[in-house]
2 protein chains.
Amino acid sequence: MADAERVFNVARIVTDTYKEGNDVVVVVSAQGDTTDDLIEKANEINPEGSKREMDMLLSAGEQISISLLAMAIEKLGFPVVSLLGWQAGFQTSSVYSAARIKRVNTERIRAALDKRRIVVVAGFQGINRYEDITTLGRGGSDTSAVAIAASMHADLCQIFTDVEGVYTADPRKIPAAFKLEEITYDEMLELATLGAQVLNNRSVEMAKKYNVELEVLSSLTRKPGTKVKEAAKMEKMLVKSVAKDSHVARVSIIGVPDEPGIAFKIFSRVAKAHINVDIILQSIGRDGTKDITFTVPDDKGKEAVTALQEYADMVGAKNLSYTTDVAKISVVGAGMETHEGVAAMMFEALADANINIQMISTSEIKVSVLIAAEDADRAVSAVHRAFFEM
Amino acid sequence: MADAERVFNVARIVTDTYKEGNDVVVVVSAQGDTTDDLIEKANEINPEGSKREMDMLLSAGEQISISLLAMAIEKLGFPVVSLLGWQAGFQTSSVYSAARIKRVNTERIRAALDKRRIVVVAGFQGINRYEDITTLGRGGSDTSAVAIAASMHADLCQIFTDVEGVYTADPRKIPAAFKLEEITYDEMLELATLGAQVLNNRSVEMAKKYNVELEVLSSLTRKPGTKVKEAAKMEKMLVKSVAKDSHVARVSIIGVPDEPGIAFKIFSRVAKAHINVDIILQSIGRDGTKDITFTVPDDKGKEAVTALQEYADMVGAKNLSYTTDVAKISVVGAGMETHEGVAAMMFEALADANINIQMISTSEIKVSVLIAAEDADRAVSAVHRAFFEM
């Protein structure tokens, strides 16, 4: 779609909602190409420019989007006002490029709604206590939207994305996958960390905390999407979704002394390198040594090995290495809290498909397994079939 | 020059000035192509979008320039902070797209200077009492710079342009034209209205009012430019500059009744159409009628005729018409206040060149004549020779 067409598409969604009698606040992010252009300009001049100036630069992106959307809404004949982050009352922490919303003073939004205006707010941005522009970092615009919905006790916070909702599995890969009508906050959080990047975790966490009902839906098809809400309000399904995360590296350190404090010694070094560890597997000690294997994001595998090299040399470990030739397959569902057998069903499906499980991790509402990357798509099919197609 | 190169050029001017021990506040405007892009986007969506939203959109342009310039200054290793109009304390009237600066609260600029930071301020913009972003309209960035210089009692306000200063005539046309070391505010004002658009009048008027010394110079050559200051402080030259304005239309209404109130009836109609009139010539009455001729900006000629049509019909005027086939040639110089004979010298030069004068207008420091457009360049040469090359 051309830029203008895309803007009018959003404008029509907004004005249709307004015509139904709703007070409408719409939070927009910058157009992707605008942001890319700005980053390119900055990199040409100074790739190490300060984050403060980077926030000043990038926040111009939403400023452009909100004013253009407001003009489109004016063109459709509706009363509208656009507001920058600071005008909309977004007060944030001082950390540039990764600020956290501290509060939203919604007086100005409320005043505009009282005048029956549509309010277009710049997402992703706010001001800190120095009255400097800050940006919220990844997923910032979704978080801005949820923050406004929470502050104003909105009935619903709709998040328009390029997908129609949350599916039982990736519909591009699994033809039998279907869209869920609803999902709990916790399930959504597990799915987000599993690589099904529909919503950013920060926005879901905030929605959960303030009990804001979300709906994930597509701005193109405008069909009902997936509601994200409290568990108490919904019918229980055993499992909601099967997710695949290919951006995983498995790090192994083989033959370390089998003595107390090993895990601490290893993972404190990894943490110091700012690397998040996901699944951890520790072997039973044998011959006075044991093996430790863990997963990290795929782009951190090498760094994790570097962080541990000195330690491995010191204790005379037999081997220290990593591979990205793995994938994590997970099933998520709040229903499994009260039902045993979900893990067993998943393992059975994988066994039937002759897929070897390397590592296992479970939480109250999730079972994850690490398998060879080449088996990943077959694994998702097999597990989806077991839970949803029987 | 490439964009980045241009930004670094400005950054070096700024840091060189800082290295000399000066407190430096630099006011920047948007890059022309950024503004053009934004206007094009707005026009695609809604050519009649509100001015409020247009200001919101366009002010993103300076936001981009200030942050990029700040990053360039950081790259050169100097402490810097960029400030938007509202952060720099620009409070304006409420009129979107043509706001007037009401005051500048310079606390934040001062605080940054006290920390020995270079301060990069977004020109052209401010906020009004509704806390909405406003833009200042034409020449806005120069005016912003002068307003800061005035508020902070700066020693000097340098205005970097694409010319090296103010010349005795257009140096592209008159090879003998030379750069003036200094010029008075009033002379500069006359020159600006005469089509020598080096500085916008609003900024010169403000500089005059608050006695801010200006320097007009080129950001490329970095040679000393032309200082604009109080008359008392400078050596008198009879005439400072010869200017040509080709954007003129001459409107004539022939054969209107020779009775009191004619001028009022005509010019009140022109004023109601928001058309500025420059030179006016009223013939001596003859046969109970007279002729009135006046000049307006060339794009207003047709509108002026339209505004007068009803009146012309009513009084049975013989003819109402306009032509843009004219040019205005002027000499400007505070020196002529105390010297007679400037007008005569100019007329003599034109007569020697066999150029016919259609209309004459004089002020204390200016003589203007209207001539045929085809004679304009020859006229400037002849007049420049008479005043500067003898």
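Fair warning: this is a prediction, and the values are worked out from it, not measured in the lab.

Q: Help me understand the overall build of chain A in this model?
A: Across its full length, chain A carries eleven helices and 19 strands. Against the 2.2 N^0.38 benchmark of 21 Å for 390 residues, chain A shows a C-alpha radius of gyration of 24 Å, consistent with a compact globule. Expressed as lengths along the three principal axes of its C-alpha atoms, the size of chain A is roughly 75 × 55 × 35 Å. The buried share among the 390 residues of chain A stands at 53%. Look at the contacts in chain A between residues 6 or more apart in sequence, and 73% of them connect residues 24 or more apart. Total accessible area on chain A is roughly 18,000 Å²; 49% of this is exposed by carbon and sulfur atoms. Between the mean site of the 44 positive side-chain charges and the mean site of the 55 negative ones, chain A shows a separation of 4 Å.

Q: Just checking my understanding: could you explain the confidence of the model for chain A for this structure?
A: Low pLDDT marks stretches whose predicted atomic positions should not be read closely. Of all residues in chain A, 96% attain a pLDDT of 70 or more, and the chain-wide mean is 91. Here the predicted complex carries an ipTM of 0.80, next to a pTM of 0.81.

Q: What's the story with the sheet that holds strand 12 (residues 241–245) of chain A in this structure? I'm lost.
A: The pairing of strands in a sheet happens through backbone hydrogen bonds and is either parallel or antiparallel. Residues and elements named next belong to chain A. Pairing is antiparallel across the open sheet formed by four strands, whose spatial order is 12-17-19-18. One side of each edge strand has no neighbouring strand; the edge strands of this open sheet are strand 12 and strand 18 (359–363). Strand-to-strand twist in this sheet, taken as the mean axis angle between neighbours without regard to direction, amounts to 20 degrees. Sheet topology note: the strand 12/strand 17 (residues 326–332) ladder contains five bridges and is antiparallel.

Q: Is there a simple way to think about the pattern of salt bridges in this case?
A: Applying the stated criterion across every chain yields a total of 43 salt bridges over all chains. A salt bridge links A:Lys328 to A:Asp278, with the nearest nitrogen and oxygen atoms 2.3 Å apart. Note that A:Lys328 is positioned in strand 17 and A:Asp278 in the loop between helix 8 (262–272) and strand 14 (280–282), a separation of 50 residues in sequence. For A:Lys328, a relative accessible area of 4% translates into the label buried. Since its relative accessible area comes to 36%, A:Asp278 is described here as partly exposed. For B:Lys240, the salt bridge identified is with B:Glu187, shortest N-O distance 2.8 Å. With B:Lys240 in the loop between strand 11 (226–229) and strand 12 (241–245) and B:Glu187 in helix 6 (residues 185–193), this residue pair connects regions lying 53 residues apart in the sequence.

Q: When you look at helix 3 (residues 51–75) of chain A in this model, what are you seeing that I'm missing?
A: Because the α-helix completes a turn every 3.6 residues, residues three or four places apart line up on one side. The end-to-end C-alpha distance of helix 3 of chain A, which contains 25 residues, comes to 37 Å, matching closely the 36 Å that a straight helix rising 1.5 Å per residue would cover. Downstream of helix 3 of chain A by a residue or two, A:Gly77 has a phi angle that is positive, lying close to 90 degrees.

Q: It is not clear to me how the side chain of B:Gln63 should be interpreted in this structure. Could you clarify?
A: Its place among the elements puts B:Gln63 in helix 3 (residues 51–75). Within the structure, the side chain of B:Gln63 is placed 2.8 Å from the side chain of A:Ser59, a separation counted as a polar contact. Setting aside residues no more than four positions away along its own chain, B:Gln63 makes contact with A:Met56, A:Ser59, A:Ala60, A:Gln63 and B:Leu84.

Q: What should I look at first to understand the packing of helix 2 (residues 32–45) of chain A against helix 3 of chain A in this one?
A: Helix-helix packing is characterised by the crossing angle of the two axes and by the distance between the axes. Residue and element names in this part refer to chain A. Between helix 2 and helix 3, whose axes approach to 9 Å, the crossing angle comes to 155 degrees. Considering the angle they form, helix 2 stands roughly antiparallel to helix 3. Between helix 2 and helix 3 lies a crossing of right-handed hand. Between helix 2 and helix 3, the residues in contact are Thr-34, Thr-35, Leu-38, Ile-39 and Ala-42 and Met-54, Leu-57, Leu-58, Gly-61 and Ile-64, respectively.

Q: What is the right way to look at the pairing of strand 17 of chain A in this model?
A: In regular strands, side chains alternate between the two faces of the sheet. All names here are of chain A. Burial analysis of strand 17 places seven of its seven residues in the buried class, which makes it a mostly covered element. With burial as the criterion, each face of strand 17 is covered, one bearing Val-326, Lys-328, Ser-330 and Val-332 and the other bearing Ala-327, Ile-329 and Val-331. As paired strands, strand 17 and strand 19 (residues 366–372) are joined by seven bridges and run antiparallel to one another. Note that in strand 19 the partner of Ile-329 across the bridge is Val-369.

Q: It is not clear to me how the interface of chain A and chain B should be interpreted in this structure. Could you clarify?
A: Chain A puts 45 residues into the contact, and the matching count from chain B is 45 residues. When chain A packs against chain B, close to 3,500 Å² is buried across both sides, 60% of that on carbon and sulfur atoms. At the surface where chain A touches chain B, the tally comes to two salt bridges. In this structure, A:Arg108 engages B:Asp132 in a salt bridge whose closest nitrogen and oxygen atoms are separated by 2.4 Å. Counting across the chain A and chain B interface gives 20 residue pairs in polar contact (both at pLDDT 80 or more). For the side of chain A that touches chain B, the elements supplying multiple residues, two or more each, are helix 1 (3–19), helix 2, helix 3 and strand 2 (80–83) of chain A. No other element matches the 17 residues that helix 3 of chain A contributes to the side of chain A that touches chain B.

Q: Looking at this model, I keep getting lost on the relation of the copies chain A and chain B. Mind explaining?
A: Here the second copy of the chain follows from the first by a rotation about an axis and a shift along it. Under the fitted operation, chain A is carried onto chain B by 0.1 Å of movement along the axis and a turn of 180 degrees, and the coordinates agree to an RMSD of 0.1 Å. Such a combination of turn and shift is consistent with a two-fold rotation axis. By C-alpha distance to the rotation axis, the residue of chain A lying nearest is A:Ala60, at 2.5 Å. Of all interface residues in chain A, 100% are interface residues in chain B too; the two copies therefore contact each other through one and the same surface.

Q: Just checking my understanding: could you explain the packing of aromatic side chains for this structure?
A: Remark: the centre distance and the inter-plane angle together describe each pair of aromatic rings, the angle taken between the planes. Residue and element names in this part refer to chain B. Throughout the structure, instances matching the rule amount to seven aromatic pairs over all chains. When the ring of Tyr-18 is compared with that of Phe-78, the centres are 5.7 Å apart and the planes differ by 85 degrees; the resulting orientation is edge-to-face. Linking Tyr-18 in helix 1 (residues 3–19) with Phe-78 in the loop between helix 3 and strand 2 (80–83), this pair joins segments that are 60 residues apart in sequence. The pair Tyr-18 / Phe-78 is uniform in exposure class, with both members buried. Plain terms: the ring middles of Phe-178 and Phe-388 are 5.5 Å apart, the flat faces sit at 90 degrees to each other, and that makes the pair edge-to-face. Placement of Phe-178 in the loop between strand 8 (157–161) and strand 9 (182–184) and of Phe-388 in helix 11 (residues 376–388) is noted, with a sequence separation of 210 residues between them. We classify Phe-178 as partly exposed; its relative accessible area is 33%.

The rules behind each value
- Residues numbered from 1 in each chain as written.
- Chains lettered and ligands numbered in written order.
- Predicted model: local features only at pLDDT ≥ 70, side-chain atom pairs only at ≥ 80, totals over all residues.
- Heavy atoms only, no water.
- Helix = DSSP H or I, 4+ residues; strand = E, 2+ residues; numbered from the N terminus.
- Rg over C-alpha atoms; globule rule 2.2 N^0.38 Å.
- Buried < 20%, exposed > 50% of the residue type's maximum accessible area, 1.4 Å probe, protein only.
- Contact = heavy atoms within 4.5 Å.
- Areas by Shrake-Rupley, 256 points an atom, 1.4 Å probe, with all protein chains shown as cover.
- Lys, Arg positive; Asp, Glu negative; His and termini not counted.
- Charge placed at Lys NZ, Arg CZ, Asp CG, Glu CD.
- pLDDT = per-residue confidence, 0-100.
- Pairing = 2+ DSSP bridges.
- Axes fitted to C-alpha atoms, helices over the stretch in contact; angles between N-to-C directions.
- Salt bridge = Lys/Arg side-chain N within 4 Å of Asp/Glu carboxyl O.
- Expected span 1.5 Å × (residues − 1).
- Polar contact = N/O pair within 3.5 Å; in protein donor to acceptor, adjacent residues only side chain to side chain.
- Parallel < 35°, antiparallel > 145°, perpendicular 65-115°, else oblique.
- Left-handed = near helix turned anticlockwise from the far one by under 90°.
- Buried area = accessible area lost by both parts, 1.4 Å probe.
- Least-squares fit on C-alpha atoms with pLDDT ≥ 70 in both.
- Phe/Tyr/Trp six-rings, centres within 6.5 Å; stacked < 30°, edge-to-face > 60°.

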